[in-house]
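Examining the three-dimensional arrangement
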Amino acid sequence: MNTVLPYSFFALFAYLVGSIPVAYLIGQKIKNVDVREVGEGNVGARNVFHTVGHEWGSVVFLGDFGKGILVAAVVSQESKYVIALSGFFLLLGHGFPVWLKFIGGKGLSPVGGFTATLLPMSSMVGIGFSFLVWLSIRKFMPTTVAVIVCAVGFAPFFGYSTSRILISIGLFALVGVKRKIDEPRTKKIERNNEWNKLTGGMI
């Protein structure tokens, strides 16, 4: 019982933080749109960036990234099992929020914030490199891949534990799984809204 209660607390805390639907709230407040039904249909920063406004997409990114930072900061001194559990429930809350009938985002931004807190130095390298990628090609996906690869790839050089590196890799892999789960719904919405996935914007 002494073990179950702390684990349950961290899991519930991470889920509730993750489930705060920043993109949905911004879409409703600023433009009175449901981001689940416009653009690419994703409850995330990129969709808000193109359907509500560039500055608001940035706000959503910072909010979702901050959710990951908050959860990781709370559990960073706990055991690797608590860290892994909290990361999973952070992603679960973001991807399946009870407040939006379990239709949420893919989880890249909160997982990014979580990883940046666990692996701060290598993440800074990744952010710097991804900034150069963004300036070169102005596309979300290659930029995102760049920061993930650098953050994880350079982590051993800064002496981060294997468990933290593997937790980060596992969470990013689950983001990919969530993306596949969402594909049937988002493809239908993308067709209706003429969303161009290659450029990440509306045609």
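1. Here's the deal with the environment of Thr115
In this fold, Thr115 is placed in helix 6 (residues 108-118). According to the relative accessible area criterion, Thr115 is buried, its value standing at 2%. In this structure, the C-alpha to C-alpha distance between Thr115 and Ile165, residues 50 residues apart in sequence, is 8.6 Å. With near-sequence residues (within four places) excluded, Thr115 lies in contact with Ser123, Ser168 and Phe172.

2. Observations concerning helix 8 (residues 140-153)
Three- or four-residue spacings in an α-helix give side chains the same orientation, since the helix completes a turn every 3.6 residues. Over its 14 residues, helix 8 extends 20 Å from the first C-alpha to the last, a length consistent with the 20 Å expected when each residue adds 1.5 Å. Those residues of helix 8 that fall on the buried side of the exposure criterion are Thr143, Thr144, Ala146, Cys150, Ala151 and Val152. Tucked into the core, helix 8 has its buried residues touching helix 6, helix 7 (120-137) and helix 9 (162-193).

3. Description of the packing of aromatic side chains
What describes a pair of aromatic rings is the distance from one ring centre to the other and the angle between the planes of the rings. The full count for this structure, using the stated rule, is six aromatic pairs. Between Phe9 and Phe13 the ring centres are 6.3 Å apart and the planes differ by 15°, which places this aromatic pair in the stacked class. Here the residue Phe9 and the residue Phe13 both occupy positions in helix 1 (residues 4-18), the gap between them amounting to four residues, near one helical turn. Aromatic side chains Phe61 and Phe65 sit 5.3 Å apart centroid to centroid with 35° between the ring planes, which places their arrangement in the tilted category.

4. Comments concerning the side chain of Asn42
Here Asn42 lies in the loop between helix 2 (22-31) and helix 3 (45-51). Residue classification places Asn42 among the buried positions, given a relative accessible area of 8%. A polar contact of 3.4 Å, which involves the side chain of Asn42, links it to the backbone nitrogen of Lys106. Every residue in contact with Asn42, bar those within four places of it in the chain, is listed here: Val35, Asn47, Gly104, Gly105, Lys106 and Asp182.

5. Let's talk about the pattern of salt bridges
If you walk through the whole model with that rule in mind, you get six salt bridges. Each of Lys180, Glu183 and Lys187 takes part in one network of salt bridges that share partners.

6. Overview of the packing of helix 2 against helix 4 (residues 54-75)
Relative to each other, helix 2 and helix 4 sit at 150°, their axes nearing to 9 Å. Put simply, helix 2 runs roughly antiparallel to helix 4. As for the relative orientation of helix 2 and helix 4, their crossing is right-handed in sense. Between helix 2, through Val22, Ala23, Ile26 and Ile30, and helix 4, the contact on the second element is made entirely by Trp56, Val59, Val60, Gly63 and Asp64. For the contact of helix 2 with helix 4, the residue count by class is seven nonpolar, one polar and one charged.

7. A few points about the confidence of the model for the protein chain
Per-residue confidence for the protein chain gives a mean pLDDT of 90; residues scoring 70 or more make up 94%. Here strand 2 (residues 201-202) stands out as the least confident element of the protein chain, with mean pLDDT 45; helix 5 (residues 80-95) is the most confident, with 97. The low-confidence segment residues 198-203, where pLDDT is below 50, has 15 contacts with residues more than four positions distant or belonging to other chains.

8. Considering a nonpolar patch on the surface
On the surface, a nonpolar cluster with roughly 620 Å² of combined accessible area is contributed by Met121, Met124, Val125, Phe154, Phe157 and Phe158. Along the chain, the position of Phe158 falls in the loop between helix 8 and helix 9. Taking relative accessible area as the criterion, Phe158 reaches 38% and is therefore assigned partly exposed.

About the criteria used
- Along each chain, residue indices are assigned from 1 in the same order as the chain's sequence is written.
- Only residues with pLDDT of at least 70 are given local features in this predicted model, and only at 80 or more are side-chain atom pairs given and counted; all residues enter the totals for whole chains, interfaces and linings.
- The side-chain quantities take in all heavy atoms of the structure and omit both hydrogens and water.
- Where helices and strands are cited, they refer to DSSP runs of H or I of at least four residues and of E of at least two residues respectively, numbered from the N terminus.
- Accessibility here uses a 1.4 Å probe with only protein chains present; expressed as a share of the type maximum, an area under 20% marks a residue as buried, one over 50% as exposed, and anything in between as partly exposed.
- Contacts between residues were defined by any pair of non-hydrogen atoms, one from each residue, lying within 4.5 Å.
- Under the convention used throughout, the expected extent of a helix is 1.5 Å for every residue step, that is, one less than its residue count.
- Aromatic rings from Phe, Tyr and Trp, with only the six-membered ring used for Trp, were paired whenever their centres fell within 6.5 Å, and each pair was classed as stacked if the ring planes differed by under 30 degrees, edge-to-face if by over 60, and tilted otherwise.
- Distance and chemistry together define a polar contact, namely a pair of N or O atoms within 3.5 Å, with one atom able to donate a hydrogen and the other to accept it when in protein, and with adjacent residues in sequence counting only for side-chain atoms on both sides.
- We define a salt bridge as a side-chain nitrogen of Lys or Arg found within 4 Å of a carboxyl oxygen belonging to Asp or Glu.
- Every axis corresponds to a line fitted to the C-alpha atoms, with the helix fit spanning only the stretch in contact, and the corresponding angles, defined between N-to-C directions, vary from 0 to 180 degrees.
- In what follows, roughly perpendicular refers to angles from 65 to 115 degrees, roughly parallel to angles under 35, roughly antiparallel to angles over 145, and oblique to any angle outside these ranges.
- Helix crossings are classified by the rotation of the near helix relative to the far one: an anticlockwise turn of less than a right angle makes the crossing left-handed, while a clockwise turn makes it right-handed.
- Only Asp, Glu, Lys and Arg are considered charged, only Ala, Val, Leu, Ile, Met, Phe, Trp, Tyr, Cys and Pro nonpolar, and every remaining residue, Gly among them, polar.
- Every residue carries a pLDDT, the predictor's confidence in it, which falls somewhere between 0 and 100.
- Only residues whose relative accessible area exceeds 30% and that form no salt bridge are eligible for patches; like-charged ones are grouped when within 9 Å, while nonpolar side chains (Val, Leu, Ile, Met, Phe, Trp, Tyr) are grouped when within 5 Å.
- In these tables, accessible area is a Shrake-Rupley quantity obtained with a 1.4 Å probe, and a residue counts as shielded only by the protein chains included in the view.

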